[in-house]
Every structure is written in C-alpha cells, then in structure tokens.
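Coordinate analysis (summary)
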Amino acid sequence: MAAAQSSGGTIATMTRPALRVAVLVASIAALLAPALWQAARGETRVRHLRTESPSRLPLLEITRGAPDPRRPAALLVHGFQCNKSMMVPLARRLAGAGIDVYAVDLPGHGASHERFSEERAEAAVREALESISAARGVASEGLALVGHSYGANVLARVAGERRGNTRLVMIGPGYAGGLSPTTGNLLVLTAERDYPYITAFARDMLRDATAGAIVAPGQAIGAPDRGDARAWRVVPGENHLSLLLSDTVSTEVLTWIAGALARTSAPDAAPHVALALAVLAIVGAGVLSTLAASARTCARAAPPADDAVATLASRTAICVAAVAIAAPIARFAPPLAFLRLLEGGQIASLIVVAGLLANGAHLVIWRRTPVPTVPQLARAVPLALGAFALHYGAAALGLDGELYHVSLADAPPERPAAAVLLSLALLPFFALVQGLSSDPRGGPGARARWRRIVGAACAVAALYGAIAVALPLLGPLAGRFGLSILTIGAFCAVVGALLGRASRNPAVGVMFSAMTTAWAIAVGFVRY
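The notes below deal with the structure included here. Per chain, residues are indexed from 1 in the order of the written sequence. The predicted nature of this model means local features are confined to residues of pLDDT at least 70 and side-chain atom pairs, given and counted, to a pLDDT of 80 or more, with totals for whole chains, interfaces and linings taken over all residues. Note that the side-chain values use all heavy atoms of the structure and ignore hydrogens as well as water.

1. What about the packing of aromatic side chains?
For any pair of aromatic rings, the description consists of the separation of the ring centres together with the inter-plane angle of the planes. What counts, and what does not: Think of it this way: a Phe, Tyr or Trp ring, Trp meaning its six-membered ring, pairs with another when their centres are within 6.5 Å, and the plane angle makes it stacked under 30 degrees, edge-to-face over 60, tilted otherwise. Only DSSP runs of H or I with at least four residues qualify as helices, and only runs of E with at least two residues qualify as strands; both kinds are numbered from the N terminus onward. Three exposure classes are used, based on accessible area relative to the maximum for each residue type with a 1.4 Å probe and protein chains only: buried under 20%, partly exposed in between, and exposed over 50%. Only lysine NZ and arginine CZ atoms are considered, and such an atom sits over a ring when it is within 6 Å of the ring centre and within 35 degrees of the ring normal.
Across all of its chains, the model carries 7 aromatic pairs by this definition. Relative to Tyr 150, the ring of Phe 116 has its centre 5.9 Å away and its plane inclined at 65°; by these criteria the two rings are edge-to-face. A residue pair is termed long-range when its members are at least 10 positions apart, and Phe 116 in the loop between strand E4 (100-104) and helix H5 (118-136) and Tyr 150 in helix H6 (residues 150-159) qualify at 34 residues. Judged by its relative accessible area of 12%, Tyr 150 is buried. For the pair Tyr 195 and Tyr 197, a centre-to-centre distance of 5.3 Å together with 5° between the ring planes defines the contact as stacked. The exposure class of Tyr 197 is partly exposed, given its relative accessible area of 47%. Through successive ring pairs, a cluster of aromatic residues spans Phe 80, Phe 116 and Tyr 150. Here the basic side chain of Arg 331 rests over the ring of Phe 332, its NZ or CZ set 5.2 Å away from the ring centre.

2. Some remarks on the pattern of salt bridges
Selection rule: We define a salt bridge as a contact between a side-chain nitrogen of Lys or Arg and a carboxyl oxygen of Asp or Glu at a distance within 4 Å.
Taken as a whole, this structure holds 13 salt bridges when the rule is applied. The partner of Glu 61 in a salt bridge is Arg 47, with the nearest N and O atoms 2.8 Å apart. Of the two residues, Glu 61 sits in strand E2 (residues 58-63) while Arg 47 sits in strand E1 (residues 45-50), which places them 14 residues apart along the sequence. The salt bridge partner of Glu 252 is Arg 233, with a shortest N-O separation of 2.6 Å. On the criterion of sequence distance, the pair formed by Glu 252 in helix H8 (residues 247-257) and Arg 233 in strand E9 (residues 230-235) is long-range, its members being 19 residues apart.

3. Describing empty space enclosed by the protein
Note the threshold: The rule is simple: put a 1 Å grid over the protein atoms alone, call a set of points where a 1.4 Å probe fits but cannot get out a cavity, call an open set with protein on both sides within 12 Å along at least five of seven lines a pocket, and count a residue as lining if it has an atom within 4 Å of a point. Grid points are joined across faces, edges and corners, and a volume is the space filled by probe spheres set on the points. We call Asp, Glu, Lys and Arg charged. Ala, Val, Leu, Ile, Met, Phe, Trp, Tyr, Cys and Pro are nonpolar, and the rest, Gly among them, are polar.
On inspection of all chains with the given rule, the structure shows 1 cavity of 30 Å³ or more. Reported here for the largest cavity is a volume of approximately 80 Å³. As for the largest cavity, its lining consists of Ile 347, Ile 351, Phe 429, Phe 430, Tyr 464, Ile 467, Leu 471, Gly 482, Ile 485, Leu 486, Gly 489 and Thr 517. When contributions to the lining of the largest cavity are tallied by element, the ones reaching two or more residues are helix H12 (343-366), helix H15 (414-437), helix H16 (446-470) and helix H17 (476-503). Ranked by the residues each element gives to the lining of the largest cavity, the list is headed by H17, at 4 residues. Of the residues belonging to the lining of the largest cavity, the class tally is 9 nonpolar, 3 polar and no charged.

4. Here's the deal with the environment of Gly 222
Here is the rule: Throughout, a residue-residue contact means that at least one pair of heavy atoms, one from each residue, lies within 4.5 Å.
Examined against the element boundaries, Gly 222 turns out to sit in the loop between strand E8 (220-221) and E9. Separated by 12 residues in the primary sequence, Gly 222 and Thr 210 have C-alpha atoms spaced 9.5 Å apart. Those residues within four positions of Gly 222 in sequence are excluded, and the remaining contacts are Asp 228 and Ala 229.

5. Notes on unusual backbone geometry
The phi dihedral of Ser 149 is positive, around 55°, even though this residue is not glycine. When you line up the elements, Ser 149 lands in the loop between strand E5 (144-148) and H6. Located in the positive-phi region is Ala 211, a residue other than glycine, with phi close to 55°. Relative to the elements of secondary structure, Ala 211 occurs in the loop between helix H7 (196-210) and E8.

The quantities given are spatial measurements derived from coordinates; they are silent on function.
Written out as structure tokens, the structure is:
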C-alpha cells in the first residue's frame, strides 16, 4: 500500500472512492456512446452470411433495416490482396440511401477457405449472384455490380455472360477482357492520382464496351433507359485506395445504379459526430485500462531505469541506427516472410530486426537489457490482455464494427496465429519504446522531470520518424500502408506508456503495444 500511495498525483487522486467511481462510470459511458448513438439513429444493419453451397462462400449483407426485395440491390467485389471489409465504407453509404448491399470475399482472400485462382474468383461471383437472387426472389440480372481494382476485372468477365439491363460500376479497374458493346450501363471511375496502368485498363475496358467511342476521361454516350449508357469520370484528389472512401465516388455510384434514390436522399452530416464519438470510445477504453492497471496489487514496480548508465540521447541514437540497419534487411531478406503477410511482413520485419539490434547493442555496451524479465511479463499478461480487449471493443463499437469483426473473428485460424507470433516478436522493440517514453519517478525536481518527459517525447518521435523514413524503402505499397501501421504503433506507444506507469510495471505497456500493433499488421494484410 505504501508503494501505491507514493505513486504520481493523478493515480493517487483516483484512489478516492467517489471520484474513482465517477471516472469509471464516465469511461464506460464513453465506450458505449457510439453504439448507443448508432442504435438511436437506426444505423445500417450488417449480417455475416455464408452460402449453402459446399464452398460456404462468405458474404456481408449491409442494409438499412431488414432487406427488402423491392429495393435496389448491389454486389460489391473487392480488389486483389484485400477483402470484403474494404468495401464496407462504400456499402454503408449506399445502404443508408436505400440500397441493399452485399459484399463477397473472393477465394484466397479474407474469410474464404478456398485457394485463389482466376477461375475460382469468377465462380465465386456467379455463386454469390445466384445465392443473393434466390434469397431475394429476383433475377440476378437485377443486381447492380460494383467492383474495385481486380474485382472489376472479375466482374467484367462475369458481366459479359449476362443478359438484361445490367448496371456496372468499375472503380479503379483492372481489366483483361470480357466486355462488349452489348454490356449494360457501364460507369468507370478512376482516381486523379491512380496508377498509370489503371488508366490504361480503363481505356481498354471502354474501348471494348463502346467499340472505340470513348477514349478519354470525361466522355459519355448512350442512355440508361436503353441500357447502353457509358461514362468515364476521374475523381480529383484521390488515389487507388482512397476511392473507396470518397464521397464523390459514393454519390456517383448511387446516381448510376439508383438515380431516383440519389435525387431524394439528403446529405448525411453524421460522420463528424461518428468521428467524435469514436475518439471518445478510444479515450474511454484508455481510461478504463489505466484504472485497471492502477488497481492491480500484484503488479509491482521494477526499479526505474538508471539514466547514468545509458543516457536518453545515446539510447535514441542506437535505436535510430538500428532502424537504418534493419531497413535493407527487411527489404531484401525479411525474416518474417514465413507469415506470408506480403508488405505487412516487411513492415513487421523492420520493427523486429530494429528491436533485436537495439536491444543487443544495449546489452553489449552497457551489460544490461531494457527487455522486461520473464516474471514481469507473466504478471503483465492478464492486464495486457484486458487492455487489448478494451481497445478492440472500442474500435468495434466506435469505428467500423464489421471491419474489425471480419478481419479477426471471421478470419481463417492462421491469421490470429500470425498475430500471436508477431506480438512475441515485437516485444523487444516496444520494450525500447517503453524505456524511451517512461519518465523515472522521483528526481531532482519538477523542472528536471518535465525536461525528462519532453526529452522522452522527442526520443519516441525520433524513433518513429526514422521508421517513417525507412518504410518507403521497402517499396511503394509498404510505404503507403506502413504509415497507417506507424500511426497505430505511435498510438499504442502512448497508451502503453500510460498503462506501464499506472501499473508501475513496464511489461504491461510492452505487452499491450506489441499485441495491438501485431493485430493491426496481421489483419491489415491479406494472407495467401
């Protein structure tokens, strides 16, 4: 008890029963606020389905209320190295306007248990169309088709076999043939900052569908009522992936497949409220985690690091140098390639190798290692698991619940296994981050402690800045996707430091940061 009473003023203050209960109630309310708000607004309903066939094809059904066969319906197909959760932001906007939306996982992607091949991908789309049309009691030709990237390529071949007034939207399309001038209404959307080959694919697609009548963006021919409308539009300011998050794209898609709904639907001002509530949910989870950490009587503090042994500047320099050495290793010989996370494996390898190198340097130079001891890690496991569950719940409640569910709970078993392996591999790196971000208790005075806190913040910024510089060296995809992983890692470092300080056990923050970042990497990159 004496040790608990000697902790920082914030934690000591929260031990007052009335204030502690008030903070607890407020944190729970913050965590549940997004879910309550969505329920009050009658948010879109998401169901996870599988077809009755032997392939058990995974589908998402996104509707506003119960599905209604009288409403327009659309099938969304994701791109290569993605999954159906990538289409959820667009699906939500369409469902909110009155369209029943379905999204499918292609074989080898997401929750599908089949191996990938182009033939299986086409068969999966046909199976999805048959299953949806049977459930709704309508002809499959009545379903609009929306594809992104490789998904557009698959839809082009399937659509070429169909008859009737087909409505097609190809977003940043890949294309290897299949369309003809007899294809139904076709809208092609490309991004201003898309890959050059996507523009070439779009041109080839429209050449086949219009017999050469459309050769450049901005052109349009035909009439929707006749089923021969064709248009090519460029979305300004977007790239290949951000097309799926663009309000312009959702409006274009809605207008193309259900113009009457587009004219009568009002713009939704709710995203700003949703974002604020999402941040509130994450904050609530962080406070709950800190309260739980401070209440743990079994988490005893390890003695604070002796800064006379290794100065903050020297440790930061070693960490930055380790990142510089790890970058070419992760680029040309990623040790975690066996996890088959593609660019995610390179990013994880960079973090792992940098952590191991920096810890090794500390051990050799100062005969000490910042890695927590085994007993500390063992004591930290329950609390770190609890913190991880709280933040996962905050993300599911406050951000995009079906995206997180699809990525983890509805995934093949090897993906959670990859997250476990990654979390173990990332422990050394986040032990370094924890050591840089933790300020020692006591000290010569408040001014010195503030200098130490500012210095630790600068040290962590330098370390993550070095990683941000190294990520593009792994390749353009790793550089772009890696920034989101880096943001998650930086967030975890802050929350991990708070947890470690509240529990007075640095292993708690290490475990939480490693698990959360590993989960983000493992579910963010599709496995083959």
